[in-house]
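Secondary and tertiary structure notes
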Amino acid sequence: MIMTNKMKLISLLVTFSMIGCSLEVDNPNSLLEGDLGDPSAAAAVANGAWNTVLNGIGNIMIANAVATDEVVWTGSRDAWRQLDKGGMTNVYNEFVDGAWPSIAEGRWMADKAVSLLESLGADLPDDQDLVMAYATAAMVRVYVADMFDDFVYSDKTEAGNAIGAANMSQMYDEALTLLGKADAIANATWKVRVQALKARIEHAKAVWGKNNPVNTSAPYVSAGASTAASALALMDTDDWKWKMNFSSGTVSNNMSWQINGRLEMDLLDSPTHPEKGGDPNKTDPVTGTADTRVLAEEVIFRSGIGGGTDYAPITIVSAREMHLIVAESKLAGGDKAGCLTELNKIRAIDGLGAYTNEDAGAAYQHERYANLFIQGRRLPDMYRFGVTSVIWDAVEKSPAGSFFPIPIREIRANPNISQ
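From a predicted model like this one, the values you see are computed outputs, not experimental measurements.

Here we take up the packing of helix H8 (residues 225–234) against helix H11 (residues 319–332). Contact geometry of H8 with H11 gives a least axis separation of 8 Å together with a crossing angle of 145°. The hand of the H8/H11 crossing is left-handed. Contacts from Ala 225, Ala 228, Ala 229, Ala 231 and Leu 232 of H8 reach H11 at Ala 319, Met 322, His 323, Ile 325, Val 326 and Ser 329. Tallied by class, residues from the contact of H8 with H11 come to nine nonpolar, two polar and no charged.

Before going further, it helps to examine unusual backbone geometry. Of all residues except glycine, most have a negative phi; of all peptide bonds, most are trans. The linkage connecting Asn 212 with the following residue, Pro 213, adopts the cis geometry, with an omega of 5°. Residue Leu 268 is not a glycine yet carries a positive backbone phi of 55°. Summarising the element assignment, Leu 268 is placed in the loop between strand E3 (265–267) and helix H10 (292–303). According to the relative accessible area criterion, Leu 268 is buried, its value standing at 5%.

Attention shifts here to the pairing of strand E2 (residues 241–244). The side-chain alternation of E2 yields one buried face, formed by Trp 242 and Met 244, and one unburied face, formed by Lys 241 and Lys 243. Pairing analysis gives four bridges linking E2 to strand E4 (residues 314–318), with the strands arranged antiparallel. Within the sheet, the bridge partner assigned to Met 244 lies in E4 and is Ile 314.

On to the packing of aromatic side chains. Applying the stated criterion across every chain, the model contains 13 aromatic pairs. With centroids separated by 6.3 Å and ring planes inclined at 70°, the aromatic side chains of Tyr 369 and Phe 373 adopt a geometry described as edge-to-face. Like Phe 373, Tyr 369 is buried. Stacked on the ring of Tyr 369, the Lys or Arg Lys 282 has its end atom at 5.0 Å from the ring centre. Just above the ring of Tyr 355 sits the side chain of Arg 347; from NZ or CZ to the centre is 4.6 Å.

The next point concerns the pattern of salt bridges. It is possible for side chains bearing opposite charge to pair when their charged atoms get close. Applying the stated criterion across every chain yields a total of 29 salt bridges. Where Lys 181 meets Glu 118, a salt bridge forms, and the shortest distance between an N and an O atom there is 3.7 Å. You can see Lys 181 sitting in helix H6 (residues 170–185) and its partner Glu 118 sitting in helix H4 (residues 94–120), a full 63 residues away along the chain. Its relative accessible area of 34% is what places Glu 118 among the partly exposed residues. For Arg 320, the salt bridge goes to Asp 350, with nearest N and O atoms at 2.8 Å.

Here the focus is helix H9 (residues 254–261). The buried fraction of H9 is high, at six of eight residues. Listed in full, the buried residues belonging to H9 are Asn 254, Met 255, Ser 256, Gln 258, Ile 259 and Asn 260. Buried residues along H9 sit in contact with helix H2 (42–65), strand E1 (71–73), helix H3 (78–84), E3, H10 and E4. The N-capping residue of H9, defined by a side-chain oxygen 3.0 Å from the backbone nitrogen of Met 255, is Asn 253. Residue Leu 263 follows H9 closely and has a positive phi angle near 65°.

Okay, the nonpolar core next. If you look at the biggest cluster of nonpolar residues, it comprises 125 residues, and the most contacted ones within it are Met 139, Tyr 143, Phe 148, Phe 151 and Leu 343. Among the elements that line this core, the one with the most residues is helix H5 (residues 127–147), at 15 residues. Leaving out residues up to four positions away in the same chain, Leu 343 has contacts with Leu 324, Ala 327, Tyr 355, Ala 363, Tyr 364 and Glu 367.

Moving on: the side chain of Arg 141. Its place among the elements puts Arg 141 in helix H5. The buried category is assigned to Arg 141, whose relative accessible area is 5%. Engagement of the side chain of Arg 141 in a polar contact is seen with the side chain of Asp 111, the distance being 2.9 Å. When neighbours within four sequence positions are excluded, Arg 141 is seen to be in contact with Arg 107, Asp 111, Tyr 153, Met 171, Glu 174, Ala 175 and Leu 178.

A separate point is the packing of helix H13 (residues 360–371) against helix H14 (residues 378–385). Two elements in contact, H13 and H14, have axes separated by 11 Å at closest approach and are oriented at 160°. Judged by the angle between their axes, H13 and H14 are roughly antiparallel. Between H13 and H14 the crossing geometry is left-handed. Of H14, the residues touching H13 (which contributes Tyr 364, Gln 365, Arg 368 and Tyr 369) are Arg 378, Asp 381, Arg 384 and Phe 385. Here the residues of the contact of H13 with H14 sort into three nonpolar, one polar and four charged.

So, on to the environment of Ile 417. Of note, Ile 417 is situated in the segment after helix H15 (408–413). Put simply, Ile 417 and Ile 406 are 11 residues apart on the chain and 8.7 Å apart in space, counted from C-alpha to C-alpha.

In this section: the environment of Val 286. In this fold, Val 286 is placed in the loop between E3 and H10. With 69 residues separating them in the primary sequence, Val 286 and Tyr 355 have C-alpha atoms 6.7 Å apart. Each residue touching Val 286, except ones within four places of it in the same chain, is listed here: Arg 347, Gly 353, Ala 354, Tyr 355 and Glu 358.

Okay, the environment of Lys 397 next. Structurally, Lys 397 is set in the loop between H14 and H15. The spatial distance from the C-alpha of Lys 397 to the C-alpha of Lys 85 is 5.8 Å, given a sequence separation of 312 residues. Among residues more than four places away in sequence, those in contact with Lys 397 are Lys 85, Gly 86, Gly 87 and Trp 392.

Per-residue confidence for the chain gives a mean pLDDT of 91, with 91% of residues at or over 70. In the model of the chain, helix H1 (residues 5–19) stands out as the element of lowest mean pLDDT, 41, in contrast to H11, which has the highest, 99. Counting interchain partners and residues more than four positions distant, the pLDDT-below-50 stretch residues 3–31 has 43 contacts.

What counts as what
- Residues numbered from 1 in each chain as written.
- Predicted model: local features only at pLDDT ≥ 70, side-chain atom pairs only at ≥ 80, totals over all residues.
- Heavy atoms only, no water.
- Axes fitted to C-alpha atoms, helices over the stretch in contact; angles between N-to-C directions.
- Helix = DSSP H or I, 4+ residues; strand = E, 2+ residues; numbered from the N terminus.
- Left-handed = near helix turned anticlockwise from the far one by under 90°.
- Contact = heavy atoms within 4.5 Å.
- Nonpolar A, V, L, I, M, F, W, Y, C, P; charged D, E, K, R; others polar.
- Buried < 20%, exposed > 50% of the residue type's maximum accessible area, 1.4 Å probe, protein only.
- Pairing = 2+ DSSP bridges.
- Phe/Tyr/Trp six-rings, centres within 6.5 Å; stacked < 30°, edge-to-face > 60°.
- Lys NZ or Arg CZ within 6 Å of the ring centre and 35° of its normal.
- Salt bridge = Lys/Arg side-chain N within 4 Å of Asp/Glu carboxyl O.
- Polar contact = N/O pair within 3.5 Å; in protein donor to acceptor, adjacent residues only side chain to side chain.
- Core = buried A, V, L, I, M, F, W, Y, C linked by side-chain atoms within 4.5 Å.
- Parallel < 35°, antiparallel > 145°, perpendicular 65-115°, else oblique.
- pLDDT = per-residue confidence, 0-100.

Take a look at the structure:
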């Protein structure tokens, strides 16, 4: 997104004020971009980039989620309806267009934080701030690559070029390079986060390959398994999770607000809005009842942990996902029994009965649905597994494998982009 220096600095100031960091200047309103190179501002820069990225992810995730079988439109805005029906490719969709500035700004801010903190060298007070900046820049890339068919890196008033749909997987490569730098200096707390995020990105890149073009005949990938195993070895609890936490003191989660606050969308089949229909929670293959993991996540989402219903957390990576990555690698290699054994490690966390002779592919697909609910993974899985939503229709639905385009505001503002 092309923005002026003044707009960017205002954004920095707003972000810093939300996290309550002091930059040790007499008048924060007169802060210049050059002041951000002061070593005392390093923590504020890293945290400011983090919160900007969280804001962008919350905005784009709800647009993505309503197109899946996890969320159903219950409100009055037609652009949400279009997404709910599976229409992903309209450059004029107001909610994708509205989310673009925040996710594009998040990418810019994350890269700016990396550049500023790297430039401090030995003067950097705490190198874990740089680790955080690396992880933030990597994280925003994986969400963008998972949810967009194309993207553009602009720098303030300097218009960037479109990456190109065929080249979007390079964002995963960029993310892995950033995490390699983070891993070299990370402390124990960050080390496990970096390893888990690396495994997720390695897996996500391979899944991207299954959707470009869509390959439902051989949907399973083996990527990320060894990294996931390394991450699991570093985790201090069987149900380890790294979450984006939102609050009134940082940023709100637009996905949470749209569902819990505005009531424009609802989770699953929306029992409070039965006339809207929606996809029901899926049945657990062993218990034969509605999956309890999904129900538990729904309670967390609706409870507003973090200070209110606008602040539901978003899981970035988890031990459950690491087991899923390992299980899929076994499945892709033909080890169906090994896949079920790995899935049973997840089920044991919740005290659920083990798989015995169930179909490994069906079991795996269900476990991804149940353990990654509303974490932004669902649409790529639906495409590669050939799953559809009861809401999708032939009129609105885009072709399988379609994700968000560069929207109209960027097309109009950027001379390098044409419709």
